[in-house]
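# Residue-level structure breakdown
Okay, here's what each chain looks like letter by letter:
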Amino acid sequence: MSTLGAIDIAVSIGGVSIIGGLTLSFKPGAVTALVGPNGAGKSTLLTCLAGLRRPERGETRLGGEPLLSMAPRERARHVALLEQTPEIVWAVDVRTLVGLGRTPFLGARGLTTEDREAVDDAMRQAEVAVFADRPVTSLSGGERARVLIARALAGRPQWLLADEPLSGLDPGHQLDAVALFRALASRGAGVIVTLHDLTLAARMADRVLVLARGAVLADGAPRDALRPEVLAQAYGVEARLAEGAAGALIEVVGRIG
Ligand code: ADP
Ligand code: MG
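Presented here is an overview of the structure given in this document. (Residues numbered from 1 in each chain as written. Chains lettered and ligands numbered in written order. Predicted model: local features only at pLDDT ≥ 70, side-chain atom pairs only at ≥ 80, totals over all residues. Heavy atoms only, no water.)

### Focus on the overall build of the protein chain
A tally of helices and strands in the protein chain yields nine helices and twelve strands. For the protein chain, the spread of C-alpha atoms along the principal axes amounts to about 60 × 40 × 35 Å. Nonlocal contacts in the protein chain, meaning residues at least 24 apart in sequence, comprise 64% of its contacts between residues at least 6 apart. When the accessible area of the protein chain is evaluated, it comes to approximately 11900 Å², of which 51% is carbon and sulfur surface. In the protein chain, 28 positive and 28 negative side-chain charges are present, and the distance between their average locations comes to 3 Å. (Helix = DSSP H or I, 4+ residues; strand = E, 2+ residues; numbered from the N terminus. Contact = heavy atoms within 4.5 Å. Areas by Shrake-Rupley, 256 points an atom, 1.4 Å probe, with all protein chains shown as cover. Lys, Arg positive; Asp, Glu negative; His and termini not counted. Charge placed at Lys NZ, Arg CZ, Asp CG, Glu CD.)

If you want it as structure tokens, here you go:
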């Protein structure tokens, strides 16, 4: 398993700086929560780390190799990006959609036994096997979100970069997804997840990265990175860190100012 890194990457869109010279290194075997206000640059950073966006400056690397010089198929075998709320307008059945996660492995003969096993395994892990034959368009938002997690898992990626994967899920399925991400990391994969629920971030992650205006405000163990002064600066809110029954509890008390 290889380290995923960004070396001094900068992105601007329409002349506006979105990410200004970030250098970051991610080790596999851990879950990193990427948090920060709307527009902070979280999704932009994930697409750069997935090798799907070329930064204007700097470089992203997987195990020392520039991601953008890898063949797209090869890159996709290693790094899966689970995009934020992708639209699925195609009334394809769940099994077929999850099977698209095997695309980077497909040869001329289509799905092999190994591919089918990976698809079944991914559907089991994301608890969508019961929907296998249903059209994706007939599922609820949260059910679709789990199908998309399954599609990403089907490629058995070394790195899973998931953009707000928990947003549409009910509390039970959020915990299931968190357990799934933790299990992937304990088996050696690298997981980077963006989310807005700070309590979940604190409980789920080994490392929390707080991004605001394209820069890192804090980076470290959850309780260090999610300090009230950091949250005040990032979000403009007063927050308190308390001990809940199941670990850290971050209560947002109110707006500052
Ligand atoms: P986040 O995921 O943290 O909410 P994004 O990475 O999606 O933030 O966006 C960062 C900033 O870049 C936002 O201010 C957003 O409006 C801007 N941005 C992203 N894509 C475009 C685009 N195609 N055109 C103009 N601005 C964009
Ligand atoms: Mg985003």
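After presenting the structure, the write-up continues.
### Some thoughts on the nonpolar core
Ranked by size, the top nonpolar core spans 60 residues in total, and within it Val35, Val94, Val98, Leu166, Phe181, Val210 and Leu226 carry the most contacts. The element contributing the most residues to this core is helix 5 (residues 141–154), with eight residues. Setting aside chain neighbours within four positions, we find valine 94 in contact with Met123, Val128, Phe131, Ala132, Arg134, Val136, Leu139 and Val147. Core analysis: the next-biggest nonpolar cluster, separate from the first, contains 24 residues, Ala6, Val11, Cys48 and Ile192 among them. (Core = buried A, V, L, I, M, F, W, Y, C linked by side-chain atoms within 4.5 Å. Buried < 20%, exposed > 50% of the residue type's maximum accessible area, 1.4 Å probe, protein only.)

### A few points about the packing of helix 5 against helix 6 (residues 171–186)
A pair of packed helices is characterised by two quantities: the angle between their axes and the separation of those axes. Close contact between helix 5 and helix 6 brings their axes to 12 Å; oriented N to C, the two are set at 10°. Accordingly, the angle class assigned to the pair helix 5 and helix 6 is roughly parallel. Each of Arg146, Ile149 and Leu153 in helix 5 lies in contact with helix 6, whose residues at this interface are His173, Ala177, Leu180, Phe181 and Leu184. Residue composition of the contact of helix 5 with helix 6, by class: six nonpolar, one polar and one charged. (Axes fitted to C-alpha atoms, helices over the stretch in contact; angles between N-to-C directions. Parallel < 35°, antiparallel > 145°, perpendicular 65-115°, else oblique. Nonpolar A, V, L, I, M, F, W, Y, C, P; charged D, E, K, R; others polar.)

### Some details on the layout of surface pockets
Here the largest pocket is characterised by a volume of approximately 490 Å³. Together, 23 residues line the largest pocket, and Ala76, Val79, Ala80, Leu81 and Pro104 are the ones closest to its centre. Counting residues per element, the ones that place at least two in the lining of the largest pocket are helix 2 (72–78), strand 6 (79–82) and helix 5. When its residues are assigned to classes, the lining of the largest pocket shows 14 nonpolar, four polar and five charged. (1 Å grid on protein atoms, 1.4 Å probe; cavity = no way out; pocket = protein on both sides within 12 Å on 5 of 7 lines; lining within 4 Å. Points joined across faces, edges and corners; volume = space filled by probe spheres on them.)

### Some points on the coordination of the magnesium ion (ligand 2)
Taken together, the protein donors to the magnesium ion (ligand 2) comprise Ser43 (OG) and Gln84 (OE1), at separations of 2.0 to 2.7 Å. In this pair, serine 43 is assigned in helix 1 (residues 42–49) and glutamine 84 in the loop between strand 6 and helix 3 (94–99), connecting sequence segments 41 residues apart. Classification of serine 43 as partly exposed rests on a relative accessible area of 28%. (Donors = N, O, S within 2.8 Å, 3.2 Å for Na, K, Ca; no water.)

### A short note on the site of ligand 1
Every residue near ligand 1 is listed here: Ile13, Ile18, Pro37, Asn38, Gly39, Ala40, Gly41, Lys42, Ser43 and Thr44. Taking alanine 40, its main chain carries an N or O atom lying 3.1 Å from an oxygen atom of ligand 1. Threonine 44 has a polar side-chain atom sitting 2.5 Å from an oxygen atom of ligand 1. Isolated, ligand 1 exposes 570 Å² of accessible area, and the fraction of that covered by the protein chains is 53%. (Near = heavy atom within 4 Å. Polar contact = N/O pair within 3.5 Å; in protein donor to acceptor, adjacent residues only side chain to side chain.)

### Some words on the sheet that holds strand 9 (residues 207–212)
If you trace the six strands from one edge of the open sheet to the other, you get 6-7-8-3-9-10, paired in mixed fashion. The outermost strands of the open sheet, each flanked by one partner alone, are strand 6 and strand 10 (215–220). Adjacent strand axes in the sheet meet at a mean angle of 15° when their direction is disregarded. Running over the sheet, helix 9 (residues 228–235) touches strand 3 (31–35), strand 9 and strand 10 and is turned about 155° from strand 10. (Pairing = 2+ DSSP bridges.)

### Comments concerning the pairing of strand 12 (residues 247–255)
Inspection of the sheet shows strand 11 (residues 237–244) paired to strand 12 by eight bridges, in the antiparallel sense. The residue bridging glycine 244 from the neighbouring strand is glycine 247, located in strand 12. The turn joining strand 11 and strand 12, which pair antiparallel and follow one another in sequence, is formed by two residues.

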